[in-house]
Amino acid sequence: QALEVIRLGRVLRMIRMFRLFAELELMCEMVLSSLLSLFWLLVLLAFLLYFFAILLTKGATDYLSPGENDGQPDLDPSTRSNVEEGYGSLFRTMYTLFKGMTGGVSWGEIAEPMREVGIVYFALILLFLSFAIFSVLNIITGVFVDGAIEMS
């Protein structure tokens, strides 16, 4: 009789696992059904990242170019280093913006060096981060939630 109780317990455990797998299957179907929407959202995000990176890289390279700062006081070496490190090339700028957007680095750390470059570039970073974090990333979340509602 004790063996029957143990076997019954195993059967109940298996039934519970199948229910968990059903929920896992539902979640996988939801992710797969939203892949096309996710792809286009990532394309939009990459375009925005590229667009803002071009503007910021142009401002940073103009700021760092010799002769562009004539009549201005000498550049602070640490600021110059931070601008070169974060915004010295298009790829570096895109990587810096991506880190700021995804939480890899605080937005203040990436925006502060550009304040020296110009208030316009500082505002561009704030605009990009605000738009990317509050709009695009919430749309991605909404796509998954909408998919879950449709699947249930």
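Residues numbered from 1 in each chain as written. Predicted model: local features only at pLDDT ≥ 70, side-chain atom pairs only at ≥ 80, totals over all residues. Heavy atoms only, no water.

(A) Highlighting the overall build of the protein. Counting its regular elements, the protein contains 6 helices and 0 strands. N-terminal to C-terminal, the α/β element order of the protein is α-α-α-α-α-α. Expressed as a percentage of the 152 residues in the protein, the buried residues total 28%. Looking at the protein as shown, the accessible area adds up to about 10,500 Å², and 66% of this sits on carbon and sulfur atoms. (Helix = DSSP H or I, 4+ residues; strand = E, 2+ residues; numbered from the N terminus. Buried < 20%, exposed > 50% of the residue type's maximum accessible area, 1.4 Å probe, protein only. Areas by Shrake-Rupley, 256 points an atom, 1.4 Å probe, with all protein chains shown as cover.)

(B) Representation of the nonpolar core in the model. Residues Leu56, Tyr87, Leu97, Met114, Ile125 and Phe128 are the most contacted members of the largest nonpolar core, which totals 25 residues. Of all the elements in the fold, those that place two or more residues in this core are α2 (35-64), α3 (77-87), α4 (90-102), α5 (107-117) and α6 (119-151). Beyond its immediate sequence surroundings of up to four residues, methionine 114 is in contact with Leu56, Ala60, Tyr87, Tyr121, Phe122 and Ile125. (Core = buried A, V, L, I, M, F, W, Y, C linked by side-chain atoms within 4.5 Å. Contact = heavy atoms within 4.5 Å.)

(C) Representation of α3 within the structure. Taken together, the buried positions of α3 are Thr79, Val83, Gly86 and Tyr87. The arc that holds the buried residues of α3, viewed along the axis, is 85°, so those residues lie on one side. Opposite the buried face of α3, by more than 90 degrees, sit the exposed residues Pro77 and Glu85. (Arc of directions from axis to C-beta.)

(D) Main features of the packing of aromatic side chains. Applying the stated criterion to the full structure yields 5 aromatic pairs. With centroids separated by 5.6 Å and ring planes inclined at 90°, the aromatic side chains of phenylalanine 51 and phenylalanine 52 adopt a geometry described as edge-to-face. Here phenylalanine 52 falls in the buried class, since its relative accessible area comes to 8%. Ring plane angle 50° and centroid distance 5.2 Å describe the contact between phenylalanine 52 and phenylalanine 128, whose orientation is recorded as tilted. (Phe/Tyr/Trp six-rings, centres within 6.5 Å; stacked < 30°, edge-to-face > 60°.)

(E) Examining the side chain of threonine 93 more closely. Its location among the elements puts threonine 93 in helix α4. Side-chain polar atoms of threonine 93 contact the side chain of threonine 57, separated by 2.7 Å. (Polar contact = N/O pair within 3.5 Å; in protein donor to acceptor, adjacent residues only side chain to side chain.)

(F) How the structure looks around the environment of aspartate 76. Within the element layout of this structure, aspartate 76 appears in the loop between α2 and α3. Along the backbone, aspartate 76 and glutamate 116 are 40 residues apart, and their C-alpha atoms lie at a distance of 9.5 Å.

(G) Seen up close, the pattern of salt bridges. Under the counting rule described, the total for this entry stands at 3 salt bridges. Linking aspartate 62 and lysine 58 is a salt bridge whose minimum nitrogen-to-oxygen distance equals 2.9 Å. Taken together, the positions of aspartate 62 and lysine 58, both in helix α2 and 4 residues apart, correspond to about one turn of that helix. Taking the shortest distance from any N to any O, the salt bridge between glutamate 84 and arginine 80 comes out at 3.5 Å. Of this pair, glutamate 84 and arginine 80 both sit in helix α3, 4 residues apart, which is roughly one turn of that helix. (Salt bridge = Lys/Arg side-chain N within 4 Å of Asp/Glu carboxyl O.)

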